[in-house]
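A closer look at the structure
The lines below spell out each chain.
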Amino acid sequence: MTIHTQGITVALFATCINDVMFPGTPRAVVSVLERLGCRVEFPLDQTCCGQMFTNTGYFDAALPDVRNYVKAFSRYDYIVGPSGSCIGAVRHQHPMLADYAKDAKLAEAVDEVVAKTYDFTELLVDVLGVTDVGAYFPHRVTYHPTCHSVRVAKVGDRPYQLLSKVKGIDLVPLEAADQCCGFGGTFSVKNPDVSVAMGADKARHVLDTGAEYLVAGDNACLMHIGGLLHRENSGVKTIHLAEVLAHTEGAAA
Amino acid sequence: MNAREEILARVRSALVDVTQPDPVLDVPIDWEYGRPVAMPDVLDRFVEMCEDYKATVVRCGSAEVPGRVAVLLTGAGVRSVVLPARLEPSWRQAVEAAGVAIHDDEPPLSRTELDAIDGVVTAAAVGIAETGTIVLDHASDQGRRALTLVPDTHLVVVRSDQVVPSVPEAVVRLSGAVAEGAALTWISGPSATSDIELSRVEGVHGPRNLLVLLVE
Amino acid sequence: MSTPRSSSPPLRSPEQLHGDPAVSTDAARRTPAPPAGTYLGMPRFQKNAREQLANEQLRKNLRHATGTIRAKRADRVAEVPEWEELRLAGEAIKNRTLRHLDTYLVQLEESLTRAGATVHWARDAAEANRIVVDLVKAKGVDEVVKVKSMATQEIELNEALEEAGVAAWETDLAELIVQLGHDRPSHILVPAIHRNRSEVREIFLREMKQYGTPAPEDITDDPAELAGAARRHLREKFLRAKVAISGANFAVAETGTLVVVESEGNGRMCLTLPETLISVVGIEKVLPTFADLEVFMQLLPRSSTGERMNPYTSMWTGVTPGDGPQEVHVVLVDNGRTNALADPDGRAALRCIRCSACLNICPVYERVGGHAYGSVYPGPIGAVLNPQLRGIEHEIDQSLPYASSLCGACFEVCPVRIPIPDMLVHLRKQVADHKRGPHVESTAIALAGWVLSDHKHLELAERAAALAARALPHTTHLGPLPWPASPWTRARDLPMPPQESFREWWRKNRGEERR
């Protein structure tokens, strides 16, 4: 892969949940990428990856989102999203949905756009060739590798590479890190008891680290674990990886 | 339609999407069968793996085998053994000389009779180093399957040329016996269970003592 | 659907499965009575799971057991450098077999017949049970010994035999614990995984004396002592049994060889000592060649018990003159398998070799155990297989595809690479399609679908969220709320939406210069 040190144009796929609930995360992506010399665009006709519908069994409700994604992003060479889960859904489920729709033209367009779609950590490490993004975050943090970022988007150890280069950070290991937090999309409300039992174990492991912040690459999982931590008044805050990377010396933490 | 015809018809109608009639062309298998593994320390590994699964292993030269058989049996407290028909005669003589009562399986011993016998001595067909496995093909120097099952101590003599590094090589060596209809018993350590809290316990129904004599 | 339907009342709850063993003891029975009720009558997974989660002891037992076996598997798999190639080979061999199953079944039948075995075919559970019962009755016996077998659990053979006056004795230690405990299995490999050592001790002390050699009165809860009690209890049964019943892990079409992989030696006892052996084998168990075993004899032990090799594997080819059973029967069972085969998206589930690695790794299984799944096949593979084999008519089978957070850990450990998460998603679609007419979920999905189908709709929703946020400017999180938010907020706070969406921020800060 060619490494671009500057000047590329990147289309930001904010993802619906970040757009509506966690705007600080896509703002952080914009901040980091601009700091690294990229030109960031945000196609306003974007909506959602559709996985909430797909994973609940409503493929037809997801299809407009697949078409939207193609329409909003196919003109770009680099598309980036700050969510292993949503990027994973684009890569893994959009081709399946296009096949389901028996729409060969859509399938072809999906294949093209999928090949240009990156998780934020992949764009930084693989395309821009950086692990030190000049961030400063003088806090004790622990990182939860969310299931879809690891097993669907397959971001590997890129998040750890990036976090390890953040100045002032105290990154402590998380017990049973690779076990699911129990969010699971609609699983969290269709099987709330199991979801909460899983989340409670994750929250306990987080508390055991003594970290001030729990970091992850998916705000949905953080909303679930954070919801448990907040209910317990634990004092542990949740933060998206992109927001950690956006912090620089001099900026208020 | 009888059950056979109906099930086969269901299978065929379930597979209408399969258009290539040749299974080998339809689904290629990217795997080299029977590939030999280079393992310079194959005998050491075999011993290590057998011991790891709680078998007692003794190595000796071929001349020492009869004496070792006798010592191992008496050392394990075995007072009576059943011996397969074609066991090496010198082993039998040594067992006899050691004062261990010998039972023959001719006519076949009943289950109750077998249950009253302490041990059994057999040869083997194949040893597998990477897993510590001994395979019996129940040839006449190993006896029918019940002989190596009911008595509580099994002393098995494995020749070094019978030990292969890996499972695939063992399967290659065993294919001839299977083609001739032989039953196989793969043995890796003594009988064991992990059924209570996943904690491994040696010794349930099969022989609780597995003694391996490796002949070099 | 060729599904066994029992007329017995539905289970009120899975709690009964652990419940008072005295409830259903019937003096006329030969063997311990299982819990009342049927799997198919069970409520949906969500409800069963909630009850199981409340059982602290169960969760402790499961956490310990699954944690132990997960670690063992990981160690043993790490020893094999070509593990991924082995998985691919296992997948390919099974795919080849399944895509040409008719060819291989006919070949298997020929090989078995040539080797002196008698082959029977059973369309469904009832037919399989009838065949076995008739064979057993023809031998004039009133008891059989059994090797642990998922297929016979699936068809509920023990109860069919009991109804015919034949006692079927389970001989695997865990199956014995389940049988004597008037219980149901909760795991494919370790059916009594939900029991700890002191529970096992109590069961053995109370029950063994009613069915044969008692457990010693002074027995402790040491697993070695408990295994010793099982050895003594079962030995008399092994020594007198005239008929044994087994399943098979593999059936080799080329040679007619059947394979049983086990640990304790109870399998060898059953396969070797009785005069008659009846093996009940699902039609998907066939493998093309003997050489294929080199792949599966590596994949199965390491995935299943986390061992380099299991203590004992028996391979037999029909009748061996002068050695072992001289009358050998093989019952090939469909019982819904051809339904799964007919779905190209679902066929992969038939690759399953019942190793249970997916159960052990599954965070949902670890917390709720096997009984919540309403089948002898629990865990991730059960969530796929049961709706495939039984259809989606029943509440339990409709709920199983949703019994997963789709975390994907099951696929990573599956030795034959069954894409369980993808298959669950496809089954969810079948369930959603099956529930015709508007209901809460489909209405919510339709609404959300409309919002997200076009950015203009999404922007409307964003403005509504921002308005709510501005109305409560000092609230960062929402606590417990009434339905429909209650499933989330009962235990988890919900963050308030921000006063400004990202889109709005972009428009204000970057929008003039760029799109």
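As the structure is a computational prediction, the values presented were derived from the model and not from experiment. (Residues numbered from 1 in each chain as written. Chains lettered and ligands numbered in written order. Predicted model: local features only at pLDDT ≥ 70, side-chain atom pairs only at ≥ 80, totals over all residues.)

Along chain B, the regular secondary structure elements total seven helices and 12 strands. Rg of the C-alpha trace for chain B: 21 Å, well past the compact-globule value of 17 Å for 216 residues, more than 25% over. Reported as C-alpha extents along the three principal axes, the dimensions of chain B are approximately 70 × 45 × 40 Å. In chain B, buried positions account for 50% of the 216 residues. In chain B, 71% of the contacts between residues at least 6 apart in sequence involve partners at least 24 apart. (Helix = DSSP H or I, 4+ residues; strand = E, 2+ residues; numbered from the N terminus. Rg over C-alpha atoms; globule rule 2.2 N^0.38 Å. Buried ≥ 20, exposed ≤ 12 C-beta atoms within 10 Å, placed from the backbone. Contact = placed C-beta atoms within 7 Å.)

All names here are of chain C. Read across the sheet, six strands follow the order 1-10-7-4-2-3 without closing on themselves; strand pairing throughout is parallel. With partners counted over all chains shown, the strands left at the sheet margins are strand 1 (118-122) and strand 3 (167-170), one partner each. Ignoring strand direction, the axes of neighbouring strands in this sheet form an average angle of 25°. Note that strand 1 and strand 10 (residues 327-333) share five bridges and pair parallel. Its bridge partner being in strand 10, Trp 121 is matched across the sheet by Leu 332. (Pairing = 2+ DSSP bridges. Axes fitted to C-alpha atoms, helices over the stretch in contact; angles between N-to-C directions.)

With that settled, the discussion passes to the interface of chain A and chain C. Residue-level contacts link 53 residues of chain A with 51 residues of chain C. Of all the secondary-structure elements, those providing two or more residues to the side of chain A that touches chain C are helix 1 (16-20), helix 2 (24-35), helix 3 (51-56), helix 4 (59-73), helix 8 (147-152), helix 10 (187-190), helix 11 (192-209) and helix 12 (219-231) of chain A. Here the residues of the side of chain A that touches chain C sort into 29 nonpolar, 15 polar and nine charged. (Nonpolar A, V, L, I, M, F, W, Y, C, P; charged D, E, K, R; others polar.)

Moving on: the interface of chain C and chain B. Accessible area lost on assembly of the parts is the figure often given for the size of an interface. Of the residues lining the interface, 76 residues belong to chain C; the matching set on chain B comes to 61 residues. Grouping the amino acids of the side of chain C that touches chain B by side-chain chemistry returns 39 nonpolar, 23 polar and 14 charged. Inspection of the sheet shows strand 9 (residues 184-187) of chain B paired to strand 9 (residues 312-317) of chain C by four bridges, in the antiparallel sense. Each residue of the ladder has a partner; that of Thr185(B), found in strand 9 of chain C, is Ser314(C).

Moving on to the arrangement of the chains. Between chains B and C lies the most contact-rich interface of the two pairs of chains that touch. As for chain B relative to chain A, no contact occurs, and the smallest C-alpha gap between them is 16 Å.

Turning next to helix 19 (residues 420-434) of chain C. Residues lying three or four places apart along an α-helix face the same way, a consequence of the helix completing one turn every 3.6 residues. Taking 1.5 Å of rise per residue, the 15 residues of helix 19 of chain C would be expected to cover 21 Å, and the 21 Å separating its terminal C-alpha atoms lies within 8% of that figure. Here helix 19 of chain C has its buried residues at Ile420(C), Pro421(C), Met423(C), Leu424(C), Val425(C), Leu427(C), Arg428(C), Lys429(C) and Ala432(C). Turning to helix 19 of chain C, the residues buried within the fold contact helix 3 and helix 4 of chain A together with helix 14 (357-361), helix 16 (379-390) and helix 18 (409-413) of chain C. (Expected span 1.5 Å × (residues − 1).)

Turning to the environment of His194(C), a few remarks are in order. All names here are of chain C. With respect to the element layout, His 194 can be found in the loop between helix 8 (173-180) and helix 9 (197-211). Here the alpha-carbon distance between His 194 and Arg 63, two residues 131 residues apart in the chain, equals 9.8 Å. Aside from chain neighbours lying at most four places away, what touches His 194 is Leu 58, Asn 61, Leu 62, Ser 186, Gly 369 and Gly 370.

All names here are of chain A. Parsing chain A into structural domains produces domain 1 (9-127) and domain 2 (140-246). If you average the C-alpha positions of domain 1 and of domain 2, the two centres end up 22 Å apart. Contacts between the two partners involve 27 residues from domain 1, matched on the other side by 21 residues from domain 2. Counting only elements with at least two residues in the side of domain 1 that touches domain 2, the list comes to helix 1, helix 2, helix 3, helix 5 (84-100) and helix 7 (120-127). For the side of domain 1 that touches domain 2, the residue count by class is 11 nonpolar, 13 polar and three charged. (Domains from an automatic or database assignment.)

Looking now at the environment of Met49(B). Counting through the fold element by element, Met49(B) comes out in helix 3 (residues 42-52). Between the C-alpha atom of Met49(B) and that of Ile128(B), which follows or precedes it by 79 residues, the distance is 9.2 Å. Setting aside residues no more than four positions away along its own chain, Met49(B) makes contact with Ala129(B), Glu130(B), Thr131(B), Gly132(B) and Arg308(C).

What follows deals with the confidence of the model for chain B. Residues at a pLDDT of 70 or more form 100% of chain B, whose mean pLDDT is 96. Interface predicted TM-score (ipTM) for the complex: 0.98; the corresponding pTM is 0.94. (pLDDT = per-residue confidence, 0-100.)

What follows concerns the sheet that holds strand 9 of chain B. Strand order in the open sheet made by the eight strands is 8(B)-5(B)-6(B)-9(B)-9(C)-6(C)-5(C)-8(C), with mixed pairing throughout. Each having just a single partner strand, strand 8 (163-164) of chain B together with strand 8 (286-287) of chain C make up the two edges of the open sheet. In this structure, strand 6 (residues 133-136) of chain B lies alongside strand 9 of chain B, joined through three bridges in antiparallel fashion. Within strand 9 of chain B, the position partnered with Leu136(B) by the bridge is Thr185(B).

Residues and elements named next belong to chain A. For helix 4, with 15 residues, the first-to-last C-alpha span of 21 Å sits near the 21 Å given by 1.5 Å per residue. Of all 15 residues making up helix 4, 11 are buried, and the element is well covered by its neighbours. Turning to helix 4, its buried residues number three or more, namely Phe 59, Ala 61, Ala 62, Leu 63, Asp 65, Val 66, Arg 67, Asn 68, Tyr 69, Ala 72 and Phe 73.

All names here are of chain C. In this fold, Arg 201 is placed in helix 9. Separated by 310 residues in sequence, Arg 201 and Gly 511 place their C-alpha atoms 72 Å apart. Filtering out sequence-adjacent residues up to four positions away, Arg 201 remains in contact with Ile 219, Asp 221 and Leu 226.

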